[in-house]
Amino acid sequence: MIAGAFFGGRGWYKFSRNRLSLFGLFLVISFILMALLAPWITPYPQHAESFIDFANANQPPSAKYMFGTDLIGRDVFSRVLFGYRISLRLSIIVLAIAVPLGVIPGLLAGYYGGWWETITMRIVDVFLAVPSLVMALIVVGLVGSSLTNAMLAIAFFWWPWYTRLLYNITRQLKNEGYVTAAQVVGASHWHILIKEILPNCVPSLLTKMTLDMSFVILVAASLGFLGLGVRAPTPELGSMIAEGANYLPAMWWLPVFAGLGILIAVLGFNLVGDGLRDLLDVEV
Amino acid sequence: MLRRYIIRRSIAALITLFGVSVLIFFLARVMPGDPAMIALGETATLEQIANYRERLGLNEPLLVQYVVYITSVIHGDLGDSLYTHGAVLDDLAHTFPATLELILFSTVLMITIGIPLGVLAGRFRDGFIDNFTRVFSLLGVVTPSFVWALFLMLVFAFYLDVLPAQGRLSEGVEPPAFVTGLYLVDSIVAGDWATFRDASAHIVMPGTALAMASVGQTTRMTRANVGESFDKTYIEFARAYGFKGFRTAAVYALRPALIPVLTIMGLDIAIKFGSAFLVETVFSWPGMARYGVQVILFKDLNAIVGTVTIIGFFFIVINLIVDIVVSFVDPRIRLGALAQ
């Protein structure tokens, strides 16, 4: 059904009528391509790690260094593109953990109701009462900053959104005619959950995941900005902004270009997510 | 009816609050890393660590530790901070008003900019105002708060040099006499306009940086809802009665559109607290969020637990109030909740 919505002519036609969604798709594809191809398309791939060239440190943007250089002479453009690799990997892994973790209890809570619903949704309320950024900060602060810890910490506080979403949808769907019909012919609960209800949650899930790609990138950059994300010398957009922020207004190009880098990625996923929401007509 | 609804929601809020305390407590205890070792540093001898554990009751079973902890929280004791060496509750009491002022200021911006813009855009759909609003609100939502903060700082503090970049007041300016802890309010109460001007100049940039995302969100939401209610028959009816455009927009289309915005405002508080961690760091705003960042970097467990408890408490109370206000505006909600 989803494939139909995308690749069947009508879905794509509807999606492509919205110029903003198309622009978003262009940004997302560019972002993914730049992330994947960074080692081959950046002018100075060796600058992604602990490369030092004091002779060229703190250079403003020029023909040689499009986005300028950082404190120890590394090309900011190359590092932004390598930063994209980190952002992409991180957000995909976070969602790969958080989505199943949230979907399963949400399905069960919406379908079975009763005490399981009460307990699950109370736990969700508790998790949502404290900003996930703050919780992730604390976990990384206590366990130590690294890419893996940042991913696990964000994922651990991201699943409740999916539980809540799936709970709301399932609660509505379980009263639909086809679910009742399946129950009448004696289908197992398992069959109904997996074959009847879950497929109908996919449009909402997909939209939410697209939008969340942008929010996870934001949270990860925020961790990096506060020095609790990925460790140096790995290029990370948030920590690059923080490095430049200490030398404002002199080193304006670091926050400006790394900031634009985040903006492009986040904007792209946001626009595509909005387009999907209109196309699939779902609420998330 | 309304009273029963309020009682039910309050009980649910209390349970959530209890859950938050459990979550934070166990998170702080279960995390790898011995709290005693963290507190005493890596040079501490085994004997010192054993003494410290004994003194703080860290050798008791977790459940006992939790009961001790929650009892002292109820008595208003959040323990001592390793970072400031003072009582955590005092630290939070000193820093909370600054954060509250920032969040209230940005909420005011969110309402006074977001809602009118959204109504305008919804009224003149696909016109110039609508397109401008769309881009503006999108940029608000997708730009991280700390990027807004640095961008504003670069432009208004460094290039134009019209706004101060750091803190709540200029050096040499005395804070107004304590009434609410909010400098804007307290300076008005004291009738001290010089301080009021100074405090306003300081809060503009951090407040705006914090507000951008929610202004964008509110605008988009109001636009969508107002746009929808313009298609409803009661708007046509109002028009048929000869009410002018402004009145139909402001009164009949806006009221039903406000309910989701109110709900968002409650949930938005959590996001604002999160963003405040970044914005306060950028502007050296002496609030609770910056304190939070510092104690996290210092691994100061008592202060971390205290800060999160206050944030969770504040979030739950605000949402309780929002729910009650919403049910006041829209009786279907409280009746629906009771019918369940």
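Residues numbered from 1 in each chain as written. Chains lettered and ligands numbered in written order. Predicted model: local features only at pLDDT ≥ 70, side-chain atom pairs only at ≥ 80, totals over all residues. Heavy atoms only, no water.

### What to know about the pattern of salt bridges
It is possible for side chains of opposite charge to pair when their charged atoms get near one another. All names here are of chain A. The following threshold applies: Whenever a carboxyl oxygen of Asp or Glu lies within 4 Å of a side-chain nitrogen of Lys or Arg, that contact is scored as a salt bridge. By definition, any uninterrupted DSSP run of H or I lasting at least four residues is a helix, any uninterrupted run of E lasting at least two residues is a strand, and each is numbered from the N terminus. The cut-offs for exposure are 20% and 50% of the maximum accessible area for each residue type, with area from a 1.4 Å probe on protein chains only; residues under the lower value are buried, those over the upper are exposed, and the others partly exposed.
Scanning the entire structure with this criterion turns up 12 salt bridges over all chains. The salt bridge partner of R164 is D125, with a shortest N-O separation of 3.4 Å. Residue R164 is located in helix 8 (residues 159–173), and its partner D125 is located in helix 5 (residues 114–128); the two are separated by 39 residues in the primary sequence. Among the residues examined, D125 registers a relative accessible area of 22% and is labelled partly exposed.

### Here we look at the side chain of B:N225
All names here are of chain B. Put simply, the rule is: The contact criterion used throughout is that any non-hydrogen atoms of two residues lie within 4.5 Å.
Following the sequence through the fold, N225 ends up in helix 9 (residues 193–230). Here N225 falls in the buried class, since its relative accessible area comes to 18%. Contact partners of N225, with chain neighbours within four places excluded, come to A257 and P260.

### Some thoughts on the packing of aromatic side chains
What counts, and what does not: Classification of ring pairs uses Phe, Tyr and Trp, with its six-membered ring standing for Trp, and accepts pairs whose centres are within 6.5 Å; under 30 degrees between planes counts as stacked, over 60 as edge-to-face, and the remaining range as tilted. We call a charge positioned above a ring when the Lys NZ or Arg CZ atom is no farther than 6 Å from the ring centre and deviates by at most 35 degrees from the ring normal.
Overall, the coordinates contain 27 aromatic pairs over all chains when judged by the stated rule. On the basis of an interplanar angle of 85 degrees and a centroid distance of 6.4 Å, the ring pair of A:W115 and A:W116 is categorised as edge-to-face. According to the relative accessible area criterion, A:W116 is partly exposed, its value standing at 31%. Residues B:W148 and B:F151 carry aromatic rings whose centres are separated by 6.2 Å and whose planes lie at 70 degrees to one another, so their mutual orientation is edge-to-face. In this pair, B:W148 and B:F151 both sit in helix 7 (residues 145–159), three residues apart, roughly one turn of the helix. B:W148 gets classed as buried once you look at its relative accessible area, which sits at 15%. Counting every residue linked through ring pairs, the aromatic cluster contains A:F67, A:F77, A:W252, A:W253 and A:F257. The ring of A:Y162 has A:K208 lying over it, and the distance from NZ or CZ to the ring centre is 5.8 Å. The ring of B:Y183 has B:R168 sitting right over it, with the charged end atom 3.6 Å from the ring centre.

### Describing the domain arrangement of chain B
Residue and element names in this part refer to chain B. Counted only if it meets this: Residue ranges assigned to each domain were obtained from an automatic or database domain assignment. Defined in terms of a 1.4 Å probe, buried area is the accessible area two parts forfeit on being brought together, summed over both. Whenever a nitrogen or oxygen atom comes within 3.5 Å of another N or O atom, the pair is scored as a polar contact, on the condition that within protein one atom can donate a hydrogen and the other can accept it, and that pairs from neighbouring residues in sequence are kept only if both atoms are in side chains.
Along its sequence, chain B is carved into domain 1 (2–74) and domain 2 (94–339). Three residues stand out in domain 1 for area buried against domain 2, namely L2, Y5 and I24, and they jointly supply 34% of the buried area on that side. Joining domain 1 to domain 2, the criterion identifies one salt bridge. Taking the shortest distance from any N to any O, the salt bridge between R9 and D323 comes out at 2.5 Å. Taken together, domain 1 and domain 2 are joined by one residue pair in polar contact (both at pLDDT 80 or more).

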